[in-house]
Every structure is written in C-alpha cells, then in structure tokens.
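Structure at a glance
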Amino acid sequence: MKDYNGLLAPAEGKLGILLPGMGAVATTLIAGVLAVRKGEGQPIGSLTQMGKIRTADGNQLIKDFVPLASLDDVEFGGWDVYEDNVYEASLKAEVLGYKTLQPVRAELEALKPMKAAFDPHYVKNLDGTHVKQFTTKLDLAEQVIADIRNFKAERECSRLVMVWCGSTEIYHEPSETHRTLAAFEEGLRTSAANIAPSMIYAYAALKEGVPFVNGAPNLTVDVPALLELAALTNTPVAGKDFKTGQTLMKTILAPGLSARALGVRGWFSTNILGNRDGLVLDDPDNFKTKEVSKLSVLDSVFHPEENPELYGDMYHKVRINYYPPAGDNKESWDNIDIFGWLNYPMQIKIDFLCRDSILAAPLVLDLALFSDLAKRAGMSGVQEWLSFYLKSPQTTDPAVRPEHDIFKQLVTLHNTLRDFMGVSRVETSNLEQYQDEPVA
Ligand SMILES: NC(=O)c1ccc[n+]([C@@H]2O[C@H](COP(=O)([O-])OP(=O)(O)OC[C@H]3O[C@@H](n4cnc5c(N)ncnc54)[C@H](O)[C@@H]3O)[C@@H](O)[C@H]2O)c1
C-alpha cells in the first residue's frame, strides 16, 4: 500500500474545470452543477457527491472521507468551434428543460467558449468558425497555454483540471511523431498532420501541470510522447471514453454472466442517437474510433482464451445509427445469445431508453474532482483507478489489458481512496470475501 497521508495537499481555493468542447455533455455538467449549488437539483450519478465508502466508522460519504473540491469552489471554462454561450448551447443540445435552465440562465449566458484549436480533417461533419488562426501547431499550442493562464488568473483559481468533452476525432494509430516528447515537439514545430487538435489541448494542459482526462475514444493522451510529458510535469492523466449507456450496461451484466459460468455466443448492440455526437459518429472514420473503444470491453470480462468453451466463439457487433428525431435521448438495443446447462440456448434483450448526457455529466464531475485529488496527492501519469468511468481505460503498462468489470473497478477506486487517507485497503484479489456493507 502506498502511503499518501501527509502528502495530500488540502483543496484550498478555487478549482477551474476546463472543457475543450462545450456541447451536450459539457453544458449539462455546467448547468447541473450550478443548479445543484442553488439547491435546484440533486447530483445523482456522481460518486463524489452521493457515493459512500465503507470505513472503520461505517459507511461514509466519499466527499467526507477524502478532501475534494467543493462544488461552491468550482469555476468552468472551455473552448468550442461554435461561439454560442453555454445557455444557447444548452438550448441547442436539448438535454435540460426550461425549468432547470431558467434559474441559472444568467450564469450560463456569461460563460462563453474560447476560440477552438480545430482541424476539420479530424471531425468532418462540423463546420464551426469560432477557431484560432495559427502559423504552426506549436503556435496553436502556445495560444491554448495562454488561454489556460489567462483563465486561471482571471477566475482566481488555485488549481485547474481539463476534461476533453469535444467531438470524437477520426481513428488514427500512434506513429513516430507520438513516440517521444522530442519527436512530438518537432511535430508541433513542423505542423505534423498526425497531431490531432485533442493532442494540442492535452499537450498545453500537461505542459502547465494541469491534469488531463479524455472523455472521447480519441488517441489523444494515449501515446508515449504525452505520457512522457505527464511524468516530466508530475501530472495525472486518464482516458479514454466516458462509460455511459450501452457499455455501462455491458460491464454491469457481463460480470454477472461470467460469475455464473454462463456461456455467450453472441452480443449484438445497436442504437439510435440524434445529437451532434451522433452526427459526428455518422462519418465512418469517426465511428471507427468509437467502435474500437466499444468492442474492447467484453474480452477482459470473459477471458475467452481461458474459457474457450464458454466465450471462445462469441460474436460481438456494435452499431451506432444517427437518427435526428432521437436527439440526446438515445435508444439502445442489445441482443445477447447465451447458453446454459448442456448448451441449451437462451436470449436476453435489453431496450435501454437512456439520456446520454444525463449519464455522462456526473462522470465528468467525478473525473475532474478525482484528478485534482490525484494531483494534490502527488500522483502522476495514468490513473488506472479511474477506469471505473471509462470505456477504454488506459493502463500504466500498455501491454496489460485493462480491467472492464465495473465491480472490480469500483473496489480499486475505493482502495485508492483508502490509500490516499492511509486507511488499510482490501485487496481486490479478495473480492469474493469482500462486500461493501449495504449503504444506510
Ligand atoms: N454522452 C455520452 O454518453 C458520451 C459517452 C462517451 C463519450 N462521449 C464523448 O464525449 C464527447 C462529447 O459528447 P457530446 O454529446 O457533448 O457531443 P457534442 O457534439 O454535443 O459536443 C462536442 C462539442 O465539441 C466541439 N468540438 C469539436 N472539436 C473541437 C475542438 N477541436 N475544440 C473545441 N471544441 C470542439 C463541437 O463543436 C461540439 O460542440 C464526444 O466525443 C462523445 O463521443 C459521450
């Protein structure tokens, strides 16, 4: 157990949460936090606000157990390729209703996105014009760094975190430019084509020692060059892709089937989604990034190589369909072909009428507050304990397959919080013997 007690700096002063991409998820987060502050709603779905942890003194609210930034001390800022203020963007996103938005309208109107670091090559279906002009990509990164510094000074923040809530960029593989920090910085100077906008934000944040979390499946910070920079500036990172909706259901259900040694022959997931995220994902190159992320989850739960009779022939298919009338209210269907005793087949059908951004907003809040906690605890690099929130978690050792079982991920998260506070941890290997007490 690593002992952080005594190293953990208190959450003094204001925390700035910087959001590249101020669309449905970001605006739902901001309006939600402002509404909660006014007592106009409850932060449901957020572990930092409502979750409990078992301690020697019984179950305790996580926010009473570890020193987190208070919602009253949070400031929001961000960038977007559209210049709508956060109120206008919330109306367009059509996630929150009039009754939620009106009490916080003035504060939302005052929040205007900064000009984006953007490249239409990476997001083909957007045509925003609220973008920075630049000579080289290094110049672009320096402009983002200047934005970060100005925001910190103007809002009088003592600490910052950055969570990418921008669109999913096209699929690309790591290359020579991403292998070392020196190669990456040379790539910035020469405006290498394979440096995506999300990498520019990540570079700027890490240069400034600002924790960076990637909420989309883009490559972004999942490359050696940026991990090198994170180590150099002692900065935590986490990614990728918020675990909401269909994948959340998958990582809840699959561990149960595996626990009962029930076989799975096929898992077909499809959904209809009509928001801007759905529009971006309608492009095959952008969908490919999402598909890779969504497909990765089942193998690490089922371990087909160890259980070939149960999961060796499983067919896993994921589709996303852009269907504008659905808006942010995604409908997702799963057909799961399972088999039991003597190979007799059965089927499970899931029809989940979810609200994507309602599920994602509390994740952004938790990831922001926990990354700030990690920074104050002196942690740097990939924060595997935040895998709980992510579809494609990064691991400290890229050769190690990430854990996707949400229950194991939760135990790891709780144990890390115990480490921070110098309280004895319960090994995840003893999971069978370990159960959190029912929450009072
Ligand atoms: N909502 C969910 O449940 C969920 C789950 C997992 C991942 N995500 C990911 O989170 C991200 C945000 O989702 P959303 O529903 O808010 O999408 P959205 O389309 O409503 O918002 C994304 C915003 O990013 C902006 N943008 C794109 N490129 C940018 C850049 N380079 N700089 C600044 N702004 C940029 C777009 O203009 C848009 O306003 C998407 O990548 C999505 O795939 C969402």
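The structure contained in this document is the topic of the report that follows. Note that this is a predicted model, so its numbers are computed, not measured.

Calculation rules
Residues numbered from 1 in each chain as written. Predicted model: local features only at pLDDT ≥ 70, side-chain atom pairs only at ≥ 80, totals over all residues. Helix = DSSP H or I, 4+ residues; strand = E, 2+ residues; numbered from the N terminus. Rg over C-alpha atoms; globule rule 2.2 N^0.38 Å. Buried ≥ 20, exposed ≤ 12 C-beta atoms within 10 Å, placed from the backbone. Axes fitted to C-alpha atoms, helices over the stretch in contact; angles between N-to-C directions. Left-handed = near helix turned anticlockwise from the far one by under 90°. Contact = placed C-beta atoms within 7 Å. Nonpolar A, V, L, I, M, F, W, Y, C, P; charged D, E, K, R; others polar. Near = placed C-beta within 6 Å. Domains from an automatic or database assignment.

Glancing now at the overall build of the protein chain. Within the protein chain, the regular secondary structure consists of 17 helices and 13 strands. Taking 2.2 N^0.38 as the reference for a compact globule, 440 residues should give roughly 22 Å; the C-alpha atoms of the protein chain span a radius of gyration of 21 Å, in line with that estimate. For the protein chain, the spread of C-alpha atoms along the three principal axes comes to 65 × 50 × 50 Å. When the 440 residues of the protein chain are sorted by exposure, 46% land in the buried category.

The next point concerns the packing of helix α1 (residues 24-37) against helix α4 (residues 86-93). Across the interface, α1 lies against α4 with an axial gap of 9 Å and an inter-helix angle of 120 degrees. Crossing angle aside, the handedness with which α1 passes α4 is left-handed. Of the residues in α4, those in contact with A24, T27, T28, I30 and A31 of α1 are V86, A89, S90 and A93. For the contact of α1 with α4, the residue count by class is 6 nonpolar, 3 polar and no charged.

The local shell around the ligand holds 37 residues, among which G21, G23, V25, A216 and R276 are the closest. Here the shell around the ligand gets 4 residues from one element, more than from any other, and that element is helix α16 (residues 356-376). In terms of residue class, the shell around the ligand is built from 21 nonpolar, 11 polar and 5 charged. Two domains each provide a minimum of three residues to the shell around the ligand, namely domain 1 (14-242 + 357-430) and domain 2 (247-353).

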